[in-house]
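Residue-level structural notes
Each chain, letter by letter, is given below.
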Amino acid sequence: MSARPDRTPLPRSFFDRPVLTVAPDLLGRILVRRTPDGPMELRITEVEAYEGEADPGSHAYRGRTARNASMFGPPGHAYVYFIYGMWFSLNLVCGPPGHASGVLLRAGEVTAGADLAAKRRLTARNPRELAKGPARLATALDVDRSLDGADLCAGPDSPLSLLAGTPTPPDQVGNGPRTGVSGAGAAHPYRYWITGDPTVSPYRAHAPRRRAT
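Residues numbered from 1 in each chain as written. Predicted model: local features only at pLDDT ≥ 70, side-chain atom pairs only at ≥ 80, totals over all residues. Heavy atoms only, no water.

1. Section: the overall build of the protein chain
This is how the line gets drawn: What counts as a helix is a DSSP run of H or I of at least four residues, what counts as a strand is a run of E of at least two, and both are numbered from the N terminus. Atoms counted for the radius of gyration: C-alpha only. Globule rule: 2.2 Å times residue count to the power 0.38. Burial classification: accessible surface area is computed with a 1.4 Å probe over protein chains only, and a residue below 20% of its type maximum counts as buried, one above 50% as exposed, and the rest as partly exposed. Residues are treated as being in contact if the distance between any of their heavy atoms lies within 4.5 Å.
Check the secondary structure of the protein chain and you find four helices and nine strands. Relative to the 2.2 N^0.38 estimate, which gives 17 Å for 213 residues, the radius of gyration of the protein chain is 16 Å and therefore close to what a compact globule would have. Here the C-alpha coordinates of the protein chain stretch approximately 50 × 40 × 40 Å along the principal axes. Counting only residues that meet the buried cut, the protein chain has 47% of its 213 residues in that class. Expressed as a percentage of contacts within the protein chain between residues at least 6 apart in sequence, the contacts between residues at least 24 apart total 63%.

Put into structure tokens, the structure is as follows:
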């Protein structure tokens, strides 16, 4: 019988490390989302790392703006952004304050509160699809810009926190290019996932969006 996931909250020091160290170490950890309707929990199965000013694929590549300010720290906070005029995405900020880096949560398994997640993800065909992709994950967990800057290390009163869970052994971690990233950052192998996990989203290379004629 496998051991139960560790329910110990992760400290700020977990996040205060280089982004390429934090990203694969997030796999198997448990994200807790507290809402007025009740709590939900997500076992993280897929992530992408973004190195800020050094990374052409990062929102912070050209410096600090009102939109990306949370990426600049302190570590252990959430960075939430709105994309394509439709969806939110949830990132966890890491590294020292002033250095913009973060990890996008791309997919996971809803392990508690699946009934609440399903009410927000009416098009999901099965439980594996509830949080299979960053927009689906944010929708399932009721994540929007009101959570931008939320402190994951603030204790049980915070809307978000991270538990130790069951870290994924290195030999079970897949690694490759990020999904949908264009330009000079397209080839960076900063996407990490749990090999063979059914909740991991399919890889898609960047495809330019067609403009209406």
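On we go.
2. So, the pattern of salt bridges
What counts is decided by this rule: Here a salt bridge means any side-chain nitrogen of Lys or Arg lying within 4 Å of a carboxyl oxygen belonging to Asp or Glu.
Counted under the stated rule, the structure contains 14 salt bridges. Between Arg-12 and Asp-151 there is a salt bridge, and its shortest N-O distance comes to 2.9 Å. Of this pair, Arg-12 sits in helix H1 (residues 12–15) while Asp-151 sits in the loop between helix H4 (134–140) and strand E7 (160–165), and the two are 139 residues apart along the sequence. Close ionic contact of Arg-106 with Glu-48 constitutes a salt bridge, the shortest N to O distance being 3.8 Å.

3. Observations concerning the side chain of Thr-199
What counts, and what does not: Whenever two N or O atoms come within 3.5 Å, that pair is a polar contact, provided that in protein one can donate a hydrogen and the other can accept it, and provided that, for residues adjacent in sequence, both atoms are side-chain atoms.
Along the chain, the position of Thr-199 falls in the segment after strand E9 (191–194). Take Thr-199: its relative accessible area is 3%, and that puts it in the buried class. Within the local environment of Thr-199, its side chain forms a polar contact with the side chain of Thr-45, the two groups lying 2.8 Å apart. Setting aside its immediate chain neighbours within four residues, Thr-199 contacts Thr-45, Ala-107, Gly-108, Glu-109, Arg-128 and Lys-132.

4. Let's talk about the nonpolar core
Just so we agree on the cut-off: The term nonpolar core refers to a set of buried residues drawn from Ala, Val, Leu, Ile, Met, Phe, Trp, Tyr and Cys, joined through side-chain atoms within 4.5 Å.
By size, the foremost hydrophobic cluster in this structure holds 41 residues, and its most contacted members are Leu-26, Leu-31, Val-47, Leu-90, Leu-105 and Leu-162. Among all residues touching Leu-90, those that are not within four sequence positions of it are Leu-31, Ala-78, Tyr-79, Val-80, Val-103, Leu-104, Leu-105, Leu-137, Val-143 and Leu-160. Listed in part, the nine residues of the second largest apolar core include Met-71, Phe-72, Tyr-81 and Ala-100.

5. Observations regarding the side chain of Arg-191
Summarising the element assignment, Arg-191 is placed in strand E9. On the accessibility criterion, Arg-191 (5% relative accessible area) is buried. A distance of 2.7 Å separates polar atoms of two side chains, one belonging to Arg-191 and the other to Glu-46.

6. Some remarks on the packing of aromatic side chains
Put simply, the rule reads: Stacked, edge-to-face and tilted labels apply to pairs of Phe, Tyr and Trp rings (six-membered ring for Trp) whose centres lie within 6.5 Å, assigned for plane angles under 30 degrees, over 60, and everything in between, in that order. Two limits define a charge over a ring: the Lys NZ or Arg CZ must be within 6 Å of the ring centre, and within 35 degrees of the ring normal.
Counted by the stated rule, this structure contains three aromatic pairs. For the ring pair Tyr-79 and Tyr-81, a centre distance of 5.5 Å and an interplane angle of 40° mean the geometry is tilted. Between Phe-82 and Phe-88, the ring centres sit 4.8 Å apart and the planes meet at 35°, which makes this aromatic pair tilted. Its guanidinium or amino end placed over the ring of Phe-14, Arg-17 lies 4.6 Å from that ring's centre, counting from NZ or CZ. One Lys or Arg, Arg-191, reaches over the ring of Trp-193 and ends 4.3 Å from the middle of that ring.

7. Some thoughts on the environment of Gly-95
On the secondary structure map, Gly-95 appears in the loop between strand E5 (87–93) and strand E6 (102–112). According to the relative accessible area criterion, Gly-95 is buried, its value standing at 2%. Taking the C-alpha atoms as reference points, Gly-95 and Leu-160, 65 residues apart in sequence, are found 19 Å from one another. Setting aside its immediate chain neighbours within four residues, Gly-95 contacts Phe-15, Asp-16, Arg-17, Pro-75 and Ser-101.

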